[in-house]
Structure formats: C-alpha cells, structure tokens
Amino acid sequence: MQHFPIFVALAGRRVVLSGGGEAALAKLRLLLKTEAHLTVFAPEADAQIEAWHEAGRLRLVRRAMGPGDALCAVLFYAADEDPAEDARTVALARADGALTNIVDNLGDSQFITPAIVDRDPVTVAIGTEGAAPVLARAIKADLEARLPVTLGPLARIGKAFRRMAEALPMGRARRDFWSDYYFDAGPRAIAEGEDAAHEALDRLLDRHLARRDEPGEVAFVGAGPGDPELLTLKARRALDKADVVIHDRLVGPAILELARREALLVDAGKTGFGPSMSQAEIDALIVEHANAGAKVVRLKGGDPVVFARLDEEIAAVDAAGIDWHVIPGITAASASAAAIGQSLTKRGRNDDVRFMTGHDVKGLAEHDWRAIARTGEVTALYMGKRAARFVQGRLLMHGADPDTPVTVVENASLPAQRIVEATIGTLPDRVAAAELTGPALMLLGLAPRAGRPIALNPDAFLAEQEAL
Ligand code: SAH
C-alpha cells in the first residue's frame, strides 16, 4: 500500500488552491462540501469561482501565487493546468509546509484525492493508486447504486441519537438496535421524511428496551457443500446476525468469513489441538451460548437434515426451552450429481433414490443390499471413503452387475473438486489410486454424463492446465 487512506478534519482549517480553470473548478466543487477555509490564487478565474467568492464561500486572490501564500495551509492543490506553473506553485506550498497535490499528476503528489461516494456523514473513499481509474469508477458507480441516498440523513439522525441508545446494554442489544434502524425501520421511515425517522428511533428504542431480557435462539443452518455461492440467502442472513457460530470441520474459511466480525467462531470439529468435541459437549456448548442470550448459528456442512446429528442437538436445545429453527442447505448428493451433470432420479431408470452412510455407530453400515444392487438404482453413499471394498463385496454378493457405474466426487463444488470414475468391479482399486483426502461422496449407479470433461470444475481445470 503506497498511499495510506485517512480522513482529514478540515473544518476551520486552511486549504489553498492555485488555478482558475476547469481542473480548479472540479476540485473546488469537492472541497466546497467541507468546512475548510478555501483560498484560490488565480490571475484569471472562471465565472463560477468569482461567484463563489462573491457569495463568501471561498476567497479568490486575483494574482499568481507567491512565497508565503500557503502558510498555515494543511493541504495545497496545484490546478494550474500547466506543468511549469504547477511545479513552481507546489515548490512554494511545500516551503510553506503544506501537503501538496498536483491535479492529474500522481507521481509528483504527496497525497491524492480518492473517488468519493458521498452519503455525508457516511463517506466511502475509493483509491487504486492510479492503477485503474476505470475500476475506481466502476466501484463508485456500483456503490452509488447500492447505498440509498437516504443513508446520509439516516446516519445523521442516528448519530444524534447515540446517547439515547446507550440505555441499551453494550454489545449485542445495542448492535441489534442499530442494525434494525439502519437496515429495516430507518429506511422505511425516512421514505416519509426525517420526522418519521426520529419517531421510528423512539419507537424502536422502546421495543428494544422491552426486548432486553429476551432469551437467545438457535438456528441450525446448512452451509452447503463448500462453494460459498451455494449458501442460501437465509443462511447468509443468519450468519450476518449471529453472535456465535458453532461449525463443523467441513465448513471452510470462505464461508466462515461471511460471519460478522464480532461473532465468536467455535470449531466443534476439534478443541484446541485435542480430539474432536463429543456430541454431548457440542450440545452443551450450543445450550450454554443460547442461554446467555446469544443468537447461535449451528453451522453444518451440506444440509443439517442429512447425516448431521440434528435430532440430538434439537433435543438438547428443546430440553433447555430455547427457540430454534432449521435453515436447509444443499446436500453433498445434490452438489455431486450436479458436478457430473446427472439427475439423482430419472423417469424409467429409478423412481427412488437412497442417501446412505458408509459407516454408522457400529462400524461399516448394513443396508438393504439386495435393493441397492438392482440395475438402475441410484444411491448416494456418504462417509464411504473407507467402505469401498465392503460396499463392493456386499453388492456383488447380492447379484449386482460388476459393470454398474460408480462415481466418487471429492470436494464437490470446491476448487479442489475431483471426480473418480469407476464401476462396482473397479471401485476399491480406483478409490485407492485416487488417494482421496477431502470429503467424498460415492454415487452408486451413476457415471458422469457422456461428453462432459472430467475436470468439471473450471478453477481446478485451469489450475491443471497451468501445472502442465
Ligand atoms: N450434512 C452433510 C453430510 C455430512 S456427513 C450434507 O448434507 O452434505 C459427511 C459426508 O458428507 C462426507 O463424508 C462426504 O461423504 C459428504 N460430503 C460433505 N461435503 C462434501 C463435498 N463437498 N463433496 C463430497 N462429499 C461431501
């Protein structure tokens, strides 16, 4: 970072500008938004600058700048639109101790003015250190569209109310109040004018004061198979609001990053460097945080209603009298079928589909192998990496055709996604050769759709190409 962004307090401070043309005008328009004392040196100035001078908004001195003219100035702008004159005025201003900028000359400037999205008192400054003005403009346009024009007045009204809001305890209660105001009650009220926004704040504070002692709650949220874009909007919103996020090992950093910065993240996959937390410990942890009044998100890979011990956790939360709800996610079977371009069900092939686990509490899991072995059946086998030989044995024993396709999808939806094509006959060898390290799902009865390249994940494909 070559330029460090700061916001300079300009109220009552001196800012000097040399120049009277277009460049000067553009800068002055921005500077006039501040409460700085502006002095402009220009032998000839644009009529607009004259008008501002007449109106008392700046002081125009109708001559070229000389030594001492920038004394006590915090900032100086050379907007002479003439390199030689710019160099002369900047040298003078530096001698006077001002920080200097030459308009459209990044290299010789001591500071630069960013692109600004102005929702005073909310100001977004965008800088690219001159690398990509197009990018800065695009980001600015995007933010202009995204930040409602009412944000300024909302923030101003909110700022004046900060004292009152101190009636709420610090932390979650106060944060919730402000987030309600800025993202819900405020925008709705201000559409009817500033008075309505003031009234909304009063009402909102009453409501939040009454809610102060509310108990916490738990959302069991599906994080999907890994790609953050496969989160539901509800899941995102829950993460946005959570005080505590208790997550599985399967949930990756790209998704955890979406949690609020203040949220407490707990990896229930492990404690410190020790072994995994037991289910009882996880249940207790969820209840403990919710009882303390926190909004808890219990974040699980895929869908919380598929092989995720949801019922045990709900029972614990229920027993403690805590409110809960479930936000579904995309399960690994869906993501894996999508990766190979196949349906899990197909008219005329299979009109049911099984989700089964490779091992259960007792070890390798027993199932209705005869049914699974029938031609055309589709089964999604979770947690089955170590079950390849067992599954093969059981299926062949129950009359399965050894040529039945089986596809293993590792890291479905993630950049590291891999697809291993096999048949029941080749399954153990193929799985062993693939040396799977990530989570993997076995799709019994499905082969990747013909004509689809195996590197179906574009990122992984590109990485492979680069490696070659
Ligand atoms: N609730 C999860 C399943 C948890 S069980 C869901 O709905 O997806 C853990 C198993 O899920 C893993 O052993 C693996 O078989 C499967 N799995 C989870 N994420 C996966 C992914 N990105 N790619 C392939 N399989 C995955």
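- Going by the annotation in an unreviewed UniProt entry, the name recorded for the protein is Uroporphyrinogen-III C-methyltransferase, with Citreimonas salinaria given as the source organism.
- Note on the protein: under the UniProt heading Catalytic activity (unreviewed entry), the record states "precorrin-2 + NAD(+) = sirohydrochlorin + NADH + 2 H(+)".

Quick word on the domain arrangement of the protein
You'll often see interface size given as the accessible area lost when the parts meet.
And then number 1: Splitting the protein by domain gives domain 1 (14-113), domain 2 (151-210), domain 3 (222-330) and domain 4 (333-444).
And then number 2: Its C-alpha centre places domain 3 at a distance of 27 Å from the equivalent point of domain 4.
And then number 3: Taken residue by residue, the interface counts eight residues in domain 3 and eleven residues in domain 4.
And then number 4: Summed over the three residues of domain 3 that lose the most area to domain 4, namely Pro-225, Val-306 and Phe-307, the buried surface amounts to 62% of that side.
And then number 5: At the surface where domain 3 touches domain 4, the tally comes to zero salt bridges.
And then number 6: Applying the counting criterion to the domain 3 and domain 4 interface returns one residue pair in polar contact (both at pLDDT 80 or more).
And then number 7: Within the side of domain 3 that touches domain 4, the residues separate by chemical class into six nonpolar, one polar and one charged.

Focus: helix α1 (residues 22-31)
Note: α-helices contain 3.6 residues per turn, so residues at a spacing of three or four share the same orientation.
And then number 1: Here α1 has its buried residues at Ala-23, Ala-24, Leu-25, Lys-27, Leu-28 and Leu-31.
And then number 2: In this fold, the buried residues of α1 make contact with β1 (14-18), β2 (37-41), α2 (47-54) and β4 (73-78).

Points about a negative patch on the surface
And then number 1: Together, Asp-195, Glu-199, Asp-202 and Asp-206 make up a region of like negative charge exposed at the surface.
And then number 2: As for its placement among the helices and strands, Asp-202 is situated in helix α8 (residues 194-210).
And then number 3: Taking relative accessible area as the criterion, Asp-202 reaches 41% and is therefore assigned partly exposed.

Let's talk about the site of the ligand
And then number 1: Around the ligand sit 17 residues in total, of which Asp-303, Val-306, Thr-331, Ala-412 and Ala-440 are the nearest.
And then number 2: Contacts to the ligand include Ala-412, whose backbone N or O atom sits 2.8 Å from a nitrogen atom.
And then number 3: Its free accessible area being 550 Å², the ligand has 91% of it covered by the protein chains.
And then number 4: Taken atom by atom, the bulk of the ligand overlaps the second largest pocket.
And then number 5: Of the residues in the shell around the ligand, the class split is twelve nonpolar, four polar and one charged.

Description of empty space enclosed by the protein
And then number 1: Inspection of every chain in the model, using the stated rule, returns two cavities of 30 Å³ or more.
And then number 2: Of the voids in this model, the largest cavity is the one considered here, and its volume is about 90 Å³.
And then number 3: If you trace the largest cavity, you find 15 residues lining it, with Ile-372, Thr-404, Ile-424, Leu-444 and Gly-445 closest to the centre.
And then number 4: Elements with a contribution of two residues or more to the lining of the largest cavity: α14 (369-373), β16 (378-382) and β17 (405-410).
And then number 5: Classifying every residue of the lining of the largest cavity gives nine nonpolar, four polar and two charged.
And then number 6: Together, Leu-381, Gly-384, Lys-385, Val-408, Val-431, Leu-436, Ala-440, Leu-441 and Met-442 line the second largest cavity.
And then number 7: The dominant element in the lining of the second largest cavity, judged by the number of residues it contributes, is strand β19 (residues 440-444), at three residues.
And then number 8: Residue classes in the lining of the second largest cavity are distributed as seven nonpolar, one polar and one charged.

Thoughts on the side chain of Asn-101
And then number 1: Along the chain, Asn-101 turns up in strand β5 (residues 99-102).
And then number 2: Side-chain polar atoms of Asn-101 contact the backbone oxygen of Phe-111, separated by 2.8 Å.
And then number 3: Setting aside anything within four residues of it in sequence, one finds Asn-101 in contact with Phe-76, Tyr-77, Ala-78, Ser-109, Phe-111, Ile-112 and Thr-113.

Overview of the pairing of strand β8 (residues 217-222)
And then number 1: Counting buried positions over the six residues of β8 gives five, a clear majority of the element.
And then number 2: When β8 meets strand β12 (residues 323-327), the two strands line up parallel, connected through five bridges. Among the inter-strand pairings, Glu-217 is bridged to a residue of β12, identified as Asp-323.

Examining the sheet that holds β2
And then number 1: Taking strand neighbours across the sheet as the criterion, the five strands line up as β3-β2-β1-β4-β5 in an open arrangement whose pairing is parallel. Single-partner strands in this sheet number two, and they are β3 (59-61) and β5. Recorded for the sheet is a direction-independent mean angle of 20° between the axes of neighbouring strands.
And then number 2: When β1 meets β2, the two strands line up parallel, connected through five bridges. Bridging from a neighbouring strand, Val-16 pairs with Thr-39 of β2.
And then number 3: Helix-sheet contacts for α1 involve β1, β2 and β4, and the interaxial angle to β1 is about 165°.
And then number 4: Running over the sheet, helix α3 (residues 83-95) touches β1, β4 and β5 and is turned about 175° from β4.

Considering the sheet that holds strand β13 (residues 353-357)
And then number 1: One open sheet accounts for five strands, arranged β13-β16-β19-β17-β18; its pairing is mixed. The sheet is open, and its two edges are formed by β13 and β18 (418-423), each paired on a single side. Each neighbouring strand pair of the sheet contributes to a mean axis angle of 20°, computed without reference to strand direction.
And then number 2: The pairing of β17 with β18 spans six bridges and is classified as antiparallel.

Thoughts on the pattern of salt bridges
And then number 1: Enumeration according to the criterion identifies 21 salt bridges in this entry.
And then number 2: One salt bridge in this structure joins Glu-366 and Arg-394, with 2.6 Å as the shortest N-O distance. Highlighted residues: Glu-366 in the loop between β15 (363-364) and α14 and Arg-394 in helix α15 (residues 388-397), separated in sequence by 28 residues.

Focus on the UniProt feature "domain: Sirohaem synthase dimerisation" (unreviewed entry) in the protein
And then number 1: In the UniProt entry, the feature "domain: Sirohaem synthase dimerisation" (unreviewed entry) is given for residues 151-205.
And then number 2: Counted over residues 151-205, helix gives 82% and strand 0%. Its end C-alpha atoms are 19 Å apart.

Cut-off values and rules
- Residues numbered from 1 in each chain as written.
- Predicted model: local features only at pLDDT ≥ 70, side-chain atom pairs only at ≥ 80, totals over all residues.
- Heavy atoms only, no water.
- UniProt positions renumbered as here; feature names shortened; annotations may be inferred.
- Domains from an automatic or database assignment.
- Contact = heavy atoms within 4.5 Å.
- Buried area = accessible area lost by both parts, 1.4 Å probe.
- Salt bridge = Lys/Arg side-chain N within 4 Å of Asp/Glu carboxyl O.
- Polar contact = N/O pair within 3.5 Å; in protein donor to acceptor, adjacent residues only side chain to side chain.
- Nonpolar A, V, L, I, M, F, W, Y, C, P; charged D, E, K, R; others polar.
- Buried < 20%, exposed > 50% of the residue type's maximum accessible area, 1.4 Å probe, protein only.
- Helix = DSSP H or I, 4+ residues; strand = E, 2+ residues; numbered from the N terminus.
- Patch = residues over 30% accessible without salt bridge, like charges linked within 9 Å, V, L, I, M, F, W, Y side chains within 5 Å.
- Areas by Shrake-Rupley, 256 points an atom, 1.4 Å probe, with all protein chains shown as cover.
- Lys, Arg positive; Asp, Glu negative; His and termini not counted.
- Charge placed at Lys NZ, Arg CZ, Asp CG, Glu CD.
- Near = heavy atom within 4 Å.
- 1 Å grid on protein atoms, 1.4 Å probe; cavity = no way out; pocket = protein on both sides within 12 Å on 5 of 7 lines; lining within 4 Å.
- Sits in = over half its atoms within 2 Å of the grid points.
- Points joined across faces, edges and corners; volume = space filled by probe spheres on them.
- Pairing = 2+ DSSP bridges.
- Axes fitted to C-alpha atoms, helices over the stretch in contact; angles between N-to-C directions.

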